[in-house]
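Spelled out from the first residue to the last, the chains are:
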Amino acid sequence: MTAGAFPFEANPNPVDDARRAELLADPGFGRVFTDHMVTIRYSDDKGWHDAKVGPRAPLTLDPATAVLHYAQEIFEGLKAYRLADGTMALFRPEQNARRFQRSAKRLAMPELPEELFLQSCRQLVEVDQHWFPPVEGGSIYLRPFMIASEVFLGVKPSAEYLYMVIASAAGNYFKSGAPAIKIWVSEHYTRAAPGGTGAAKCGGNYASSLVAQSEAIRNGCDQVVFLDAAEHRWIEELGGMNLFFLFDDGTLITPPTDGTILEGITRESIIELAREQGLNVREERYAIDQWRADATSGKLVEAFACGTAAVVTPVGSVHSTNGSFTIGAGGPGQITQQLRGKLVNIQRGIAPDPHGWVQPIG
Ligand code: PLP
Ligand code: COI
């Protein structure tokens, strides 16, 4: 199939204006959903077919549907923004489309053509554009995902798939609204190993991270940082964000993407913006003991996490069974705020977009 506009069926019972305004006043993250969703089906014999935008509704799945047993599932996360001039745009959506294809390949799933991915995101935002929250930093978070939909219990790649996009009004990812987050170091659990699925955005990675995330929450932290699986020493990433470390000589380090961490689109954008402002950006391994030593000596001055949902979030302190340490003064660092400002201003059409990252909708 080709990517003209998909057939559209309006939701006969959309959320009414008053209730929507109430929901949009403080949407938080991931709880307030729009009225419509995209579905496209795939089967080995028909290929991609039956694309549509219809009312958002529960799915009916046979209990033997493959995804429910073997977790053959992938997803993406990207945001639509209302720009300063009132138009709407997506941020680097082609990068999400390509990462979705890479994730599909790793999970033995069919690759959705880039144009279908882009059309599905654009069309859903157009249809549900009255769901942009009027709050500071408000956006529509799109969640494209694909599940193995064949009804079969044999362990093999499914012969049928369902691709969907749902949309959610988004404010702050972190509920506390604190200026900097607390990180818990997971000493027992790892997220990904060489040859595994760490670089794919598949639900299984998140399922296996949850026990560590609960440990973080039990210890009063917001997110867990995972170390490498072989030596339990090298910092990889957080449960849902990439990490950066800034030093007093203007060096910015981020762990390399060599198969065990997600190739974050925010990460890549920050690398470019940081280089443009003269920072010496290096993609190299950084050890947890070194992080503690450098934070204590003052050589490490700032650290931040980044991702679509979290944007750029300062890391204030790091906690583990070996004790805690604080980064800088424990609040947002100056360079972190500068980089965040640069990124957000491009995303919202406030600053020029020399990289062509902002893709208009409509
Ligand atoms: N790492 C993980 C594990 C994530 O879930 C995410 C979020 O998507 C990221 C990093 C950041 O990726 P991106 O900047 O593309 O959102
Ligand atoms: C995102 O930032 O889009 C993520 O996927 C992180 C998390 C919400 C899973």
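These figures come from a predicted structure and were not determined experimentally. (Residues numbered from 1 in each chain as written. Chains lettered and ligands numbered in written order. Predicted model: local features only at pLDDT ≥ 70, side-chain atom pairs only at ≥ 80, totals over all residues. Heavy atoms only, no water.)

A. Highlighting the pairing of strand β10 (residues 223-227). Of all 5 residues that make up β10, 5 are buried, and the element is covered over most of its length. Both strand β9 (residues 181-185) and β10 contribute to a ladder of 3 bridges, which runs parallel. By the bridge assignment for β10, I183 is matched with Q223. Running through helix α5 (residues 203-218), the crossover from β9 to the neighbouring parallel element β10 is right-handed. Pairing geometry for β10 and strand β11 (residues 235-238), over 3 bridges, is antiparallel. If you follow L227 over to β11, its bridge partner there is I235. (Buried < 20%, exposed > 50% of the residue type's maximum accessible area, 1.4 Å probe, protein only. Helix = DSSP H or I, 4+ residues; strand = E, 2+ residues; numbered from the N terminus. Pairing = 2+ DSSP bridges. Right-handed = clockwise from strand over helix to strand, strands pointing away.)

B. Layout of the side chain of S158. Relative to the helices and strands, S158 is located in the loop between β7 (139-148) and β8 (160-170). Residue classification places S158 among the buried residues on the basis of a relative accessible area of 4%. A polar side-chain atom of S158 sits 3.2 Å from the main-chain amide nitrogen of E150. Not counting chain neighbours up to four residues away, the residues in contact with S158 comprise Q72, A148, S149 and E150. (Polar contact = N/O pair within 3.5 Å; in protein donor to acceptor, adjacent residues only side chain to side chain. Contact = heavy atoms within 4.5 Å.)

C. Representation of a nonpolar patch on the surface. Together, L59, L61 and L68 make up a nonpolar patch on the protein surface, roughly 250 Å² of accessible area in all. With a relative accessible area of 34%, L61 lands in the partly exposed category. (Patch = residues over 30% accessible without salt bridge, like charges linked within 9 Å, V, L, I, M, F, W, Y side chains within 5 Å. Areas by Shrake-Rupley, 256 points an atom, 1.4 Å probe, with all protein chains shown as cover. Salt bridge = Lys/Arg side-chain N within 4 Å of Asp/Glu carboxyl O.)

D. Representation of the UniProt feature "modified residue: N6-(pyridoxal phosphate)lysine" (unreviewed entry) in the protein within the structure. Here, UniProt's "modified residue: N6-(pyridoxal phosphate)lysine" (unreviewed entry) annotation points to K201. By the element assignment, K201 lies in the loop between β9 and α5. Classification of K201 as buried rests on a relative accessible area of 10%. (UniProt positions renumbered as here; feature names shortened; annotations may be inferred.)

E. Region of interest: the pattern of salt bridges. Applying the stated criterion across every chain, the model contains 13 salt bridges. Two residues, E22 and R19, come together in a salt bridge whose shortest N-O distance is 2.7 Å. Separated by 3 residues within a single helix, E22 and R19 lie in helix α1 (residues 17-25), roughly one turn from each other. On the accessibility criterion, E22 (54% relative accessible area) is exposed. The exposure class of R19 is partly exposed, given its relative accessible area of 39%. In this structure, the salt-bridge partner of E284 is R282, at a minimum N-O distance of 3.0 Å. Judged by its relative accessible area of 32%, R282 falls in the partly exposed class.

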